[in-house]
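Structural overview
Single-letter residue listing:
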Amino acid sequence: MNTKYRKTIIAGNWKMNMLASDVKPFVDELKTYLPKTRSCDTVLCVPAVNICSMLKYGKEAKIICGAQDVSEHDKGAYTGDISAAQLNDIGVKYCIVGHSERRAYYAEGDLKVNAKVKKLLENKIHPIICVGESLEQREKNLTMSHINYQIRAALSGIELSELRHCVIAYEPIWAIGTGKTATSEQAQEVCCEIRAIIREMYGARPARSISILYGGSMNAKNAAELLAQPDVDGGLIGGASLKPADFAEIIKATGADNE
Ligand code: PEP
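The text that follows walks through the structure, step by step, so that each part is easy to find. (Residues numbered from 1 in each chain as written. Predicted model: local features only at pLDDT ≥ 70, side-chain atom pairs only at ≥ 80, totals over all residues. Heavy atoms only, no water.)

**Quick look at the packing of helix H7 (residues 143–154) against helix H9 (residues 184–202)**
The following threshold applies: Interaxial angles span 0 to 180 degrees and are taken between N-to-C directions of axes, which are lines fitted to C-alpha atoms, for helices over the stretch in contact. Only DSSP runs of H or I covering at least 4 residues are called helices, and only runs of E covering at least 2 are called strands; the numbering of each starts at the N terminus. With respect to orientation, any angle under 35 degrees is reported as roughly parallel, any angle over 145 as roughly antiparallel, any angle of 65 to 115 as roughly perpendicular, and every other angle as oblique. A crossing counts as left-handed when the near helix is turned anticlockwise from the far one by less than a right angle, and as right-handed when that turn is clockwise. In this analysis, two residues are considered to be in contact whenever any of their non-hydrogen atoms come within 4.5 Å of each other. Gly falls in the polar group here, along with every residue not listed as nonpolar (Ala, Val, Leu, Ile, Met, Phe, Trp, Tyr, Cys, Pro) or charged (Asp, Glu, Lys, Arg).
Closest axis-to-axis distance for the H7/H9 pair is 10 Å, and the angle between their directions is 45 degrees. In terms of orientation, H7 lies oblique with respect to H9. Note on packing geometry: the crossing formed by H7 with H9 is right-handed. Note on element contacts: H9 touches H7 through Glu-189, Val-190, Glu-193, Ile-194, Ile-197, Ile-198, Glu-200 and Met-201, opposite Thr-143, Met-144, Ile-147, Asn-148, Ile-151 and Arg-152. Of the residues that constitute the contact of H7 with H9, the class distribution is eight nonpolar, two polar and four charged.

Pasting the structure below:
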């Protein structure tokens with residue numbers, strides 16, 4: 001982390017877990033573990049049906065509410081979808097885009113990811129743009145070219161003034177939900193490369209100030225080492241964000257206790 005130039009973000013991704021009635025007990029427990037002040041943004045990207053509960057109960061614990069997906073359309077006949085304007089209207093500040101599960105199970109390609117990023121930015125929501133390689137790609141030495149492609153596609157047409165609202169999450173697919181974490185060296189290597197791509201696209205300053213997260217089986221035990229890497233500015237956390245004690249440990253691993 002380089003807290004001088006960029007924001008540290010710890011974002012949980014609850015995926016399709018938890019009921020609305022679980023939100024208050026979760027937050028109440030989390031609060032007991034957390035220091036009163038912290039210098040990292042603590043985000044929980046919850047299922048759409050839990051957003052209102054999280055907005056209500058998370059506020060006191062300084063939890064910023066995020067969503068897990070958004071429609072690429074403005075409005076209309078898209079049954080089941082939720083628009084960026086609707087998310088913004090109720091107070092959502094962050095939204096995950098291009099998570100590998102959505103890319104894999106819902107055929108979400110790079111064009112769609114790019115359209116969603118644009119909708120979020122138009123509606124003043126920070127996109128957390130997920131990129132990452134498969135095990136096969138890593139083994140074939142295709143990690144960097146794949147990441148390069150995904151980043152450029154996701155940010156196509158995004159102005160410099162909009163980039164500062166974007167967050168990138170490096171999530172190697174082979175590490176998501178598998179218990180197999182990237183080593184801190186692997187995480188650093190790719191996050192550093194992502195920053196280099198941003199530098200090439202937008203220049204040195206924006207590259208220095210964009211927050212790049214690592215995601216993939218981050219937990220209470222490995223968080224400190226991953227977060228100590230100079231180009232890892234936080235985490236996107238699935239499984240461990242469902243357990244208040246573990247999530248709190250990750251937040252504390254940012255060294256963000258007591259400003
Ligand atoms: C994720 O879903 O973004 C994720 C990183 O999951 P996990 O932490 O469970 O690997």
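Anyway, onward from the coordinates.
**Details of the sheet that holds strand E8 (residues 234–237)**
For clarity, the cut-off: Note on pairing: DSSP must find at least two bridges between two strands before they are called paired.
In space, the eight strands of this closed barrel follow the order E1-E2-E3-E4-E5-E6-E7-E8, with parallel pairing throughout. Looking at each pair of strands side by side, their axes are set apart by 25 degrees on average, direction ignored. Direction of pairing for strand E7 (residues 211–215) relative to E8: parallel, over a ladder of two bridges. Within E8, the position partnered with Tyr-214 by the bridge is Gly-235. Relative to strand E3 (residues 63–67), helix H2 (residues 51–58) is tilted by about 170 degrees, and along the sheet it contacts strand E2 (41–45) and E3. Where helix H12 (residues 244–252) meets the sheet, it contacts strand E1 (9–13), E2 and E8, and its direction lies at approximately 160 degrees from that of E1.

**Examining the state of the cysteines**
This is how it is decided: By disulfide we mean two sulfur atoms from cysteines, separated by a distance within 2.5 Å. Each residue gets one of three labels from its accessible area relative to the maximum for its type: buried under 20%, exposed over 50%, partly exposed in between, using a 1.4 Å probe on protein chains only.
Throughout the structure, instances matching the rule amount to zero disulfides. This cysteine, Cys-40, is not joined by any disulfide, and Cys-45 carries the nearest cysteine sulfur, 14 Å off. On the basis of relative accessible area, Cys-40 is assigned to the buried category, the value being 6%. With no disulfide of its own, Cys-191 lies 8.8 Å from the sulfur of Cys-192, the closest cysteine sulfur. A residue is classified by how much of its surface remains accessible, and Cys-191, at 0% relative accessible area, is buried.

**Topic: the nonpolar core**
How we decide: Take the buried Ala, Val, Leu, Ile, Met, Phe, Trp, Tyr and Cys residues and link them wherever side-chain atoms come within 4.5 Å; each set so joined is a nonpolar core.
Ranked by internal contacts, the top residues of the largest apolar core, which has 63 residues, are Met-54, Ile-151, Leu-155, Ile-168, Ile-194, Ile-198 and Tyr-214. If one sorts the elements of this core by residue count, H9 sits on top with seven residues. Residues in contact with Ile-194, not counting those within four places in the same chain, are Val-131, Ile-147, Ile-151, Ile-168, Tyr-170 and Ile-212. Listed in part, the 12 residues of the second largest apolar core include Ile-9, Tyr-94, Val-167 and Leu-236.

**Notes on the pattern of salt bridges**
As a reminder of what qualifies: We define a salt bridge as a side-chain nitrogen of Lys or Arg found within 4 Å of a carboxyl oxygen belonging to Asp or Glu.
This model, assessed by the stated rule, comprises 21 salt bridges. Notably, a salt bridge pairs Asp-69 with Arg-102, separated by 3.1 Å at the nearest N-O pair. One end of the pair, Asp-69, is in the loop between E3 and helix H3 (84–90); the other, Arg-102, is in helix H4 (residues 100–105), with 33 residues separating them in the sequence. We classify Asp-69 as partly exposed; its relative accessible area is 23%. Relative accessible area serves as the criterion here: at 23%, Arg-102 is assigned to the partly exposed category. Glu-108 serves as the salt-bridge partner of Lys-116, at 2.8 Å between the closest nitrogen and oxygen. With respect to class, Lys-116 is no different from Glu-108; both count as buried. Salt bridges here are not isolated pairs; linked through shared partners, they connect Arg-6, Arg-195, Asp-231 and Asp-233.

**Some points on the site of the ligand**
For clarity, the threshold we go by: If a single non-hydrogen atom of a residue is within 4 Å of a molecule or strand, that residue counts as near it. We call two N or O atoms a polar contact when they sit within 3.5 Å, provided that within protein one can donate a hydrogen and the other can accept it, with sequence-adjacent residues counted only if both atoms are side-chain atoms. Shrake-Rupley sampling with a 1.4 Å probe provides the accessible areas, and residues are treated as covered by the protein chains on show and by no other component.
Near the ligand lie 14 residues; those nearest to it are Lys-15, Glu-171, Gly-177, Ser-217 and Gly-238. Within the side chain of Glu-171, an N or O atom sits 2.7 Å from an oxygen atom of the ligand. At a separation of 2.6 Å, an oxygen atom of the ligand approaches a polar backbone atom of Gly-177. Notes on the ligand: free accessible area 290 Å², of which the protein chains cover 96%. For the shell around the ligand, the residue count by class is four nonpolar, eight polar and two charged.

**Focus on H12**
Defined as follows: Of all possible arcs, the one meant is that of the directions from the helix axis to the C-beta atoms.
Taken residue by residue, H12 has Pro-244, Phe-247, Ala-248, Ile-250 and Ile-251 as its buried positions. The buried residues of H12 all sit within an arc of 160 degrees when viewed along its axis, so they share a single face.

**Focus on the packing of aromatic side chains**
Short version of the rule: Two rings from Phe, Tyr or Trp (for Trp, the six-membered ring) form a pair when their centres sit within 6.5 Å of each other. Planes less than 30 degrees apart are called stacked, planes more than 60 degrees apart edge-to-face, and all others tilted. By definition here, charges over rings are those cases where NZ of Lys or CZ of Arg is within 6 Å of the ring centre and within 35 degrees of the ring normal.
Going through the model one piece at a time under the given rule, you end up with two aromatic pairs. On the numbers, 4.8 Å between centres and 75 degrees between planes, the contact of Trp-14 with Phe-26 is edge-to-face. With Trp-14 in the loop between E1 and helix H1 (20–33) and Phe-26 in helix H1, this residue pair connects regions lying 12 residues apart in the sequence. As far as the burial class goes, Trp-14 and Phe-26 line up, both buried. For Arg-102, the ring lying beneath its charged end belongs to Tyr-106, and the centroid distance is 4.1 Å.

Keep in mind these numbers describe shape, not what the thing actually does.
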